[in-house]
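Understanding the architecture of this molecule
Take a look at the letters that make up each chain.
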Amino acid sequence: MTDKATDWTIPQNWAAYTPAQHATWDTLFARQAKLLPGRVADEFITGLDILRLSKPGIPDFDELSERLMKATGWQVLAVPGLVPDDVFFDHLANRRFVAGNFIRRPDQLDYLQEPDVFHDVFGHVPLLANTVFADYMQAYGIGGQRANGLGAIRNLARLYWYTVEFGLVQTAQGLRVYGAGIASSYSETLFALDDPSPNRIAFDLRRIMRTCYRIDDFQQSYFVIDSFAALLDATLRTDFGPLYDALATQHDIAADAIVADDRVLSRGTQSHVQR
Ligand SMILES: [Fe+2]
């Protein structure tokens, strides 16, 4: 007997959130909504409107899903925390995004190891309202199911990490963040764009799938796409089976390394608008 469905989803139980928990959401939302214009991709700003629901505080997933379904055919379902890879891929392949239903404590505003509802919903859902990125996320889920059968999840997971979680995009106005791990974090938004230390490397799918990453600190390398359309196109054009075979014979690249064919971008072309 289990209280979880076999797909690991649980009721969000929106009515059980306390006023303090809603206030934590509102504090985080206001802080990021102020910081991000001029730093995040325009598509993310457009998508943020989907989170402005009829009630303040933590979004009610039923209402959010109804709106998201109309926009791109996606829905948001609650889970208690991280779910097994095959469950996660199955949800994505069917346009279901699973989100933690808990929220961080007030003393954890700036750092949390496990993704909570703020990371999952504020960070991920705005771009799920974008038709191109929504297609990319589904393609990733379908690719994940295939990678699972080929023993290549370790390689594919790096693509998710360096795009969906920690991606940057080059725009006519300068470098912008779009990854959920950055966009949901005040300090990493500033670090990813402004700090001189991390590498900012032009997107290269094969290179990314060889690259290690760190989960306990800001990233040492960020990969920069030209557009969401280019990202989706690169993914759909790639035959991953032969690529995984080739990758199996190549060594990993350290998270902070630059290699021979990298096109390293300077951060000098970016420009921010108002604070
Ligand atoms: Fe995430």
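Up top is the structure these notes are about.
These numbers come from a predicted model, not from an experiment. (Residues numbered from 1 in each chain as written. Predicted model: local features only at pLDDT ≥ 70, side-chain atom pairs only at ≥ 80, totals over all residues. Heavy atoms only, no water.)

Remarks on the overall build of the chain
Counting its secondary structure elements, the chain contains twelve helices and six strands. For a compact globule of 275 residues, the expected C-alpha radius of gyration is about 19 Å, and the chain comes in at 18 Å, within 12% of that figure. Oriented by its inertia axes, the alpha-carbon framework of the chain measures out at about 55 × 50 × 35 Å. Partitioning the contacts of the chain with sequence separation of at least 6, the portion at a separation of at least 24 is 69%. When the accessible area of the chain is evaluated, it comes to approximately 12500 Å², of which 53% is carbon and sulfur surface. Here the chain contributes 25 positive and 34 negative side-chain charges, whose respective centroids are spaced 4 Å apart. (Helix = DSSP H or I, 4+ residues; strand = E, 2+ residues; numbered from the N terminus. Rg over C-alpha atoms; globule rule 2.2 N^0.38 Å. Contact = heavy atoms within 4.5 Å. Areas by Shrake-Rupley, 256 points an atom, 1.4 Å probe, with all protein chains shown as cover. Lys, Arg positive; Asp, Glu negative; His and termini not counted. Charge placed at Lys NZ, Arg CZ, Asp CG, Glu CD.)

Here we look at the packing of aromatic side chains
According to the stated counting rule, one finds 20 aromatic pairs in the structure shown. A cation over an aromatic ring shows up here: K55 above the ring of W14, its NZ or CZ 4.1 Å from the ring centre. (Phe/Tyr/Trp six-rings, centres within 6.5 Å; stacked < 30°, edge-to-face > 60°. Lys NZ or Arg CZ within 6 Å of the ring centre and 35° of its normal.)

As for the sheet that holds strand β3 (residues 168-171)
Read from one edge to the other, the open sheet built from four strands follows the order β4-β3-β6-β5, with strand pairing classed as mixed. At either end of the open sheet lies a strand with only one pairing partner, and these are β4 (174-177) and β5 (199-202). Taken pair by pair, the neighbouring strands of this sheet meet at an average axis angle of 35°, ignoring direction. In this structure, β3 lies alongside strand β6 (residues 221-225), joined through two bridges in parallel fashion. (Pairing = 2+ DSSP bridges. Axes fitted to C-alpha atoms, helices over the stretch in contact; angles between N-to-C directions.)

So, the side chain of Q32
Relative to the helices and strands, Q32 resides in helix α1 (residues 19-35). Contacts of Q32, omitting those with residues within four sequence positions, involve P37, F118, F122, I182, A183, S184, S185, Y186 and T189.

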